[in-house]
Every structure is written in C-alpha cells, then in structure tokens.
Amino acid sequence: MGTRKTRERSARRRAVVWGAAAALALPLVVVAGGGTAEAASCNRSAGPYQRQVEKFLGRPVDGRQSAADCTAVRAFQRSHGISPAQGYAGPLTWQVMSTMLAQRAAGATPNRAGHCPVNRGRIACVDLTRQLSWIQDGSVLKYGPVPVRTGKDGTETRTGARRIYLRSIDHWSTLYNVSMPYAQFFDRGIAFHSTTKSMWNPPGSGGCVNMRPADAKAYWKLLGKGEDVYVYGRKPGT
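Below or above, wherever it landed, is the structure these notes cover. These figures come from a predicted structure and were not determined experimentally. (Residues numbered from 1 in each chain as written. Predicted model: local features only at pLDDT ≥ 70, side-chain atom pairs only at ≥ 80, totals over all residues. Heavy atoms only, no water.)

## Some details on the state of the cysteines
And step 1. The full count for this structure, using the stated rule, is two disulfides.
And step 2. The disulfide partner of Cys 42 is Cys 70, and the S-S distance across this bridge is 1.8 Å. With Cys 42 in the loop between helix H1 (2-40) and helix H2 (50-57) and Cys 70 in helix H3 (residues 67-79), this residue pair connects regions lying 28 residues apart in the sequence.
And step 3. Residue Cys 42 is classed as buried on the basis of its relative accessible area of 8%.
And step 4. What makes Cys 70 buried here is its relative accessible area of 0%.
And step 5. In this model Cys 116 forms its disulfide with Cys 125; the gap between the sulfur atoms is 2.1 Å. Handedness of the Cys 116-Cys 125 disulfide follows from its S-S torsion of about -80°: it is left-handed. (Disulfide = S-S within 2.5 Å. Helix = DSSP H or I, 4+ residues; strand = E, 2+ residues; numbered from the N terminus. Buried < 20%, exposed > 50% of the residue type's maximum accessible area, 1.4 Å probe, protein only.)

In structure tokens, the structure reads:
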C-alpha cells in the first residue's frame, strides 16, 4: 500500500514538472511561430512591376526583390489599405502608384485637356481616370486639384452633368450605416463627403466621391445647392 502511494506521489510530481516545462516552452513556440509567420508574410519574389515600384519608392532600381524593397513596398501597401500587404510589386500596387503619378502630373492645370465644361460659372469637376476633383469658376481654379476615392467596380460613380440638390453637414448613411460628414448630394444618392480612409484605398467607394476631411470641408464652403458638378472619365479597374 505504502509503495503504491509512493509511486502515485512520484507520478504526480513528474506530471507537475512536465506541466511546468510545457508551460514555459509554450510561449517560446508561440513567439517563434509569430516570428516565422511575420517573415513569411513578406513576399521575397520580384513582382511584375518591380522596377516601376522601386523607382516610385526611391529604391535602387535593379528589378530584384531585396528585404529592404519588401519592407518599403509593404509599408506603402499598409498605409493605403492594399491587401495582401506582403511587399509584392503586383498589378494593384502599381495601379495605385500610377494614379498617384497621374495626379502629380496634373499640377495646377487639371483641366488642361478641357474635358470639364467651365463656361457655366462655378463648377465642381471630377475626373474618374485620374481620381481627381477640383472647383473652377470660369477659367479660374478656385480649389484643388485634390485626390478623391470614387466608386468601385459594380458601384461606379456615374458620369455626366449634375447639380447639387441636397446638403447635409452631419449626414448618416442608413444604407451603409456610416457617417458621411459634409455630404453634398448631386446624383441620386451619390455625394461628395468626407472619409477617414486613404484616398488610394482600393477598390473604392459605394459610388460616392470620398474626400479627405479638409477637402470636403472646403467644398462645403465653396459650393451650394444648385451648383454644377461634372463627372467624366473611367476609374482604373472598373
């Protein structure tokens, strides 16, 4: 009987020792696994737009994916909500960068090609191709150009001449259950309004013209009910 109790006590002690050892080892396994997962999340392969992306980010342009390249690309992807953010120089990342380059090229003359009609007084122009908007009064540029985020594939921002018919400074969308500050509606539920998302966050909005808070506020001050809006072009990817 005493021998059996001794054996049982010894077994219990061994169980405690092994349990403690397992408890100590578990965090080490989790940490190691986390590190491995983090490393694996960075794609070490060169993408089809490797050279273009390297040039855009100011990296050495050699067409080869380095650890530093991957880190830089992934930081860009994360800042604009591009998924998956693995540092791969793929089509979506280059599309976003291409749009940025087109916006920069617009400079202070966004209507150089004359696509937006500016012979009718004050008008808000929206170029879907370059994801740009600005306000003109005749030939005078009153505000912008500024980056915008328009409708995604399936909920595209419709093109054509419109007018602002409703303004709601603290609007709440019952359709999407989100806040739409400084909303100015111009086309059957489509509005200019503020958002906290990146203007280059794909795939896009539900149709509205998303703006940075400061830009949406400026549009609110410069435009009013009945003002003209002209939307043209085609958003990349739609």
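The discussion continues.
## Observations concerning the sheet that holds strand E3 (residues 140-147)
And step 1. Strands sit in the order E3-E2-E1-E9-E4 across an open sheet of five strands; the sheet is mixed. The open sheet has two edge strands, E3 and strand E4 (160-163), and neither has a second partner. The mean angle between the axes of side-by-side strands here comes to 20°, regardless of whether they run parallel or antiparallel.
And step 2. Bridge count between strand E2 (residues 132-137) and E3: five bridges; the pairing is antiparallel. Following the sheet pairing, Ser 133 is matched in E3 by Val 146.
And step 3. The sheet strands contacting helix H5 (residues 213-222) are strand E1 (122-127), E2 and E3, and the helix crosses E3 at an angle near 150°. (Pairing = 2+ DSSP bridges. Axes fitted to C-alpha atoms, helices over the stretch in contact; angles between N-to-C directions. Contact = heavy atoms within 4.5 Å.)

## Notes on the sheet that holds strand E5 (residues 166-173)
And step 1. Here we have four strands laid out as an open sheet, ordered E5-E6-E7-E8, and mixed in their pairing. Looking at strand neighbours, the two that pair on one side only are E5 and strand E8 (209-211), the edges of this open sheet. When strand polarity is set aside, the average angle formed by the axes of neighbouring strands in this sheet is 30°.
And step 2. Two strands pair when backbone bridges link them, and E5 and strand E6 (residues 178-187) are joined in this way by seven bridges, in the antiparallel orientation. Following the sheet pairing, Ser 168 is matched in E6 by Ala 183.

## Some points on unusual backbone geometry
And step 1. In this structure, the amide linkage connecting Gly 144 to the following residue, Pro 145, adopts the cis form with an omega of 0°.
And step 2. Geometrically, the link from Pro 202 to Pro 203 is a cis peptide bond, its omega value of 5° lying close to zero.
And step 3. If you trace the backbone, Pro 203 turns up in the loop between strand E7 (190-194) and E8.
And step 4. You will see that Gln 131, though not glycine, has its phi angle at about 55°, which is positive.
And step 5. By the secondary structure assignment, Gln 131 is in the loop between E1 and E2.
And step 6. Despite not being glycine, Arg 188 shows a phi value in the positive range, around 45°.
And step 7. Note that Arg 188 resides in the loop between E6 and E7.
And step 8. A residue is classified by how much of its surface remains accessible, and Arg 188, at 65% relative accessible area, is exposed.

## Notes on the packing of aromatic side chains
And step 1. This model, assessed by the stated rule, comprises eight aromatic pairs.
And step 2. Aromatic pair Phe 186 and Phe 192: ring centres 4.9 Å apart, planes at 40°, arrangement tilted. Each member of the pair, Phe 186 together with Phe 192, is buried.
And step 3. Ring-pair connections join several aromatic residues into one group, and the members of that group are Tyr 143, Phe 186, Phe 192 and Tyr 219. (Phe/Tyr/Trp six-rings, centres within 6.5 Å; stacked < 30°, edge-to-face > 60°.)

## A closer look at the pattern of salt bridges
And step 1. Evaluation of the coordinates by the stated rule reveals nine salt bridges.
And step 2. Within this structure, Arg 158, Arg 162, Asp 187 and Arg 188 form a network of salt bridges that share partners. (Salt bridge = Lys/Arg side-chain N within 4 Å of Asp/Glu carboxyl O.)

## Here we look at the side chain of Thr 93
And step 1. One can find Thr 93 in helix H4 (residues 91-106).
And step 2. For Thr 93, a relative accessible area of 3% puts it in the buried group.
And step 3. Polar contacts involving the side chain of Thr 93 include one to the side chain of Gln 77, which spans 3.0 Å.
And step 4. Among all residues touching Thr 93, those that are not within four sequence positions of it are Val 53, Val 73, Phe 76, Gln 77, Ile 82 and Tyr 88. (Polar contact = N/O pair within 3.5 Å; in protein donor to acceptor, adjacent residues only side chain to side chain.)

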